[in-house]
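Structural features, examined
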Amino acid sequence: MKKNYIISIEKLHLTAGFSLVLSGILAYFLDGFEMALSWIIFGAMYISMSDIGEDEMSVEKLQHPRHMIRRSFGYVGAVFSIVLALFYLHQLLF
């Protein structure tokens, strides 16, 4: 039986990607053009690679340690990219 996750890996990647793009925009005002481009490019790469086809994966692939690692780091990327965006927002506002 397939396990339905509340948050798919695709949504985690999109969250991380858009948060990193936002961080890049905010970083422009704090750290300049070069840092802004770095974050925006990294976020755009996250967004473009967000569809890994988790819905079409077999149960064996979903339970494989490689996918569990991918999913774990998907959460790490999403959470810490939001933290980064909030950090830059805090730096700009306070």
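Described in the following lines is the structure provided in the data block. (Residues numbered from 1 in each chain as written. Predicted model: local features only at pLDDT ≥ 70, side-chain atom pairs only at ≥ 80, totals over all residues. Heavy atoms only, no water.)

Right, let's talk about the packing of helix H1 (residues 9-31) against helix H4 (residues 65-93) for a bit. Relative to each other, H1 and H4 sit at 25°, their axes nearing to 8 Å. Comparing their axes, H4 and H1 come out roughly parallel. Crossing of H1 against H4: the hand is left-handed. Partitioned by chemical class, the residues of the contact of H1 with H4 number 17 nonpolar, eight polar and three charged. (Axes fitted to C-alpha atoms, helices over the stretch in contact; angles between N-to-C directions. Helix = DSSP H or I, 4+ residues; strand = E, 2+ residues; numbered from the N terminus. Parallel < 35°, antiparallel > 145°, perpendicular 65-115°, else oblique. Left-handed = near helix turned anticlockwise from the far one by under 90°. Nonpolar A, V, L, I, M, F, W, Y, C, P; charged D, E, K, R; others polar.)

Attention shifts here to helix H2 (residues 33-48). Taking 1.5 Å of rise per residue, 16 residues should cover 22 Å, and H2 covers 22 Å from first to last C-alpha, within 8% of that figure. Along H2, the residues classified as buried are Ala 36, Gly 43 and Tyr 46. Each buried residue of H2 sits inside an arc of 95° when the element is viewed along its axis, so together they form one side. Turned more than 90 degrees from where H2 packs its buried face, Phe 33, Glu 34 and Ser 48 sit exposed. (Expected span 1.5 Å × (residues − 1). Buried < 20%, exposed > 50% of the residue type's maximum accessible area, 1.4 Å probe, protein only. Arc of directions from axis to C-beta.)

This part covers the packing of aromatic side chains. Scanning the entire structure with this criterion turns up three aromatic pairs. Measuring from ring centre to ring centre gives 5.4 Å for Tyr 28 and Phe 29, while their planes differ by 80°; the resulting arrangement is edge-to-face. Judged by its relative accessible area of 44%, Tyr 28 is partly exposed. (Phe/Tyr/Trp six-rings, centres within 6.5 Å; stacked < 30°, edge-to-face > 60°.)

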